[in-house]
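Structure at a glance
Chain by chain, the residues run as shown.
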Amino acid sequence: MSRTALVVGASRTLGLALAAELLRRDWHVIGTVRGDQRTGLHDLADVSEGRLTVEHLDITAPDQITALRDRLTGHDLDLLFVNAGIAHANVPVSEVTTESFTEVMVTNALSPLRVVEALGPLVTETGTIAVMSSRQGSITMNTNGGHEVYRASKSALNQLMRGYAARHADDKRTLLLVNPGWVRTGLGGPGAVLEVEESIPGVVDTLEARAGEGGLHFVDYENQPLPW
C-alpha cells in the first residue's frame, strides 16, 4: 500500500535525509523548502521517479502555511513531520536580546504548532503527526545548563504539543515528539556524536514502529521514551 508523507523543512541535513530515507522505504514524499533557491531536495526529486514533490513554505509566515494547506487539500497524508530548529549564541538568558529570543521561540515552538494545526486535518485518522524535538526540551534532563533559549524553545514546543493532544483527546492519530540525537549538523556542531546517516534511519524506524499506536509520545531516534 502506498504511503504519503509531508516533510516540512526538507531542504538540507536532517530534513533532507528524512525525505531520502522515506523514499528508500517506498513512501511518496512531499517536502518543503524555503525560498526559491535550488536545494538538495530538488536534486533528490530529479531521481525520485515522481515520488517526491517539492513545495515552498516558510513556517514563520502564516499566510504561506494557509496557502500550502489550500494547495494540498484533497491529499491524504499518512505522516506529517515538522522539522524546524534554529539556535543563536549560547549565552545566559540575561544576555539574549528580545529580538533573538522571539525569533527562536517563533521558529522552534509557535510555527511548528501552526503547521500542525493547519495541516493536521490532512492526516488520516490512523496516521502520525510528528515534530522534531530534542532531549534539550526535557526539563528533567537539564542538569548541565547552557543553550538556555534553545532549551526553552524545545520545552515550549513539547508543552504546546501536550496542549494540542489534550484538545484532541479522542483523536486516534499518533503524536510524536522526536529527539534525533546529538547529530553533526550546523545546529548540532562538529562535536556531536552521531552522523546524520546514523540518526535518521532510527528516526524512521521509530515512526514506523509507532504508527497506529495513538497518543502523544516523547521519544528518541532509538524509540526510547524520554522524560518530560
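Below is a summary of the structure that appears in this document. These numbers come from a predicted model, not from an experiment.

Another point: the overall build of the protein. What the protein contains, in helices and strands, is six helices and seven strands. The C-alpha atoms of the protein give a radius of gyration of 17 Å, which matches the 17 Å a tight globule of 228 residues would have. Counting only C-alpha atoms, the protein reaches 50 × 40 × 35 Å along its principal axes. Relative to its full complement of 228 residues, the protein shows a buried share of 48%.

Below, the discussion takes up the layout of surface pockets. In this approach the atoms are scanned with a rolling probe the size of a water molecule, which exposes any empty space left behind. There is about 170 Å³ of room inside the second largest pocket. Lining the second largest pocket are R3, W27, D78, L79, T124, T126, G127, T128, L207, E208 and A211. Put simply, the parts of the chain that give the lining of the second largest pocket at least two residues each are β4 (77-82), β5 (123-132) and α6 (196-210). With four residues, the single largest contributor to the lining of the second largest pocket is β5. Residue composition of the lining of the second largest pocket, grouped by class: four nonpolar, four polar and three charged.

Here R12 is to be found in the loop between β1 (3-8) and α1 (13-24). Given a relative accessible area of 56%, R12 falls into the exposed group. It is 6.3 Å that separates the C-alpha atoms of R12 and G40, two residues lying 28 residues apart in sequence.

Put simply, side chains in a regular strand alternate between the two faces of the sheet. A large share of strand β2 (residues 27-33) lies buried, amounting to six of its seven residues. Summarising the sheet, β1 and β2 pair through five bridges and their orientation is parallel. In the sheet register, A5 faces β2, and the bridge partner there is V29. Where the polypeptide runs from β1 across α1 and back to β2, its parallel neighbour, the crossover connection is right-handed.

This next bit is on the packing of aromatic side chains. The final tally for this structure, using the stated rule, is one aromatic pair. With centroids separated by 5.3 Å and ring planes inclined at 50 degrees, the aromatic side chains of F218 and W228 adopt a geometry described as tilted. Of this pair, F218 sits in strand β7 (residues 215-220) while W228 is found in the segment after β7, placing the two residues ten residues apart along the sequence. Take F218: its relative accessible area is 3%, and that puts it in the buried class. Its relative accessible area of 30% is what places W228 among the partly exposed residues.

This brings us to the nonpolar core. Within the largest apolar cluster, 31 residues are counted, with the highest numbers of intra-cluster contacts made by L18, L22 and F81. In this view, L18 contacts V7, F81, I200, V203, V204 and L207; residues no more than four positions away in its chain are not counted. Membership of the second largest hydrophobic core comes to 30 residues, among which are L6, L57, V115 and V116.

Parameters and conventions
Residues numbered from 1 in each chain as written. Predicted model: local features only at pLDDT ≥ 70, side-chain atom pairs only at ≥ 80, totals over all residues. Heavy atoms only, no water. Helix = DSSP H or I, 4+ residues; strand = E, 2+ residues; numbered from the N terminus. Rg over C-alpha atoms; globule rule 2.2 N^0.38 Å. Buried < 20%, exposed > 50% of the residue type's maximum accessible area, 1.4 Å probe, protein only. 1 Å grid on protein atoms, 1.4 Å probe; cavity = no way out; pocket = protein on both sides within 12 Å on 5 of 7 lines; lining within 4 Å. Points joined across faces, edges and corners; volume = space filled by probe spheres on them. Nonpolar A, V, L, I, M, F, W, Y, C, P; charged D, E, K, R; others polar. Pairing = 2+ DSSP bridges. Right-handed = clockwise from strand over helix to strand, strands pointing away. Phe/Tyr/Trp six-rings, centres within 6.5 Å; stacked < 30°, edge-to-face > 60°. Core = buried A, V, L, I, M, F, W, Y, C linked by side-chain atoms within 4.5 Å. Contact = heavy atoms within 4.5 Å.

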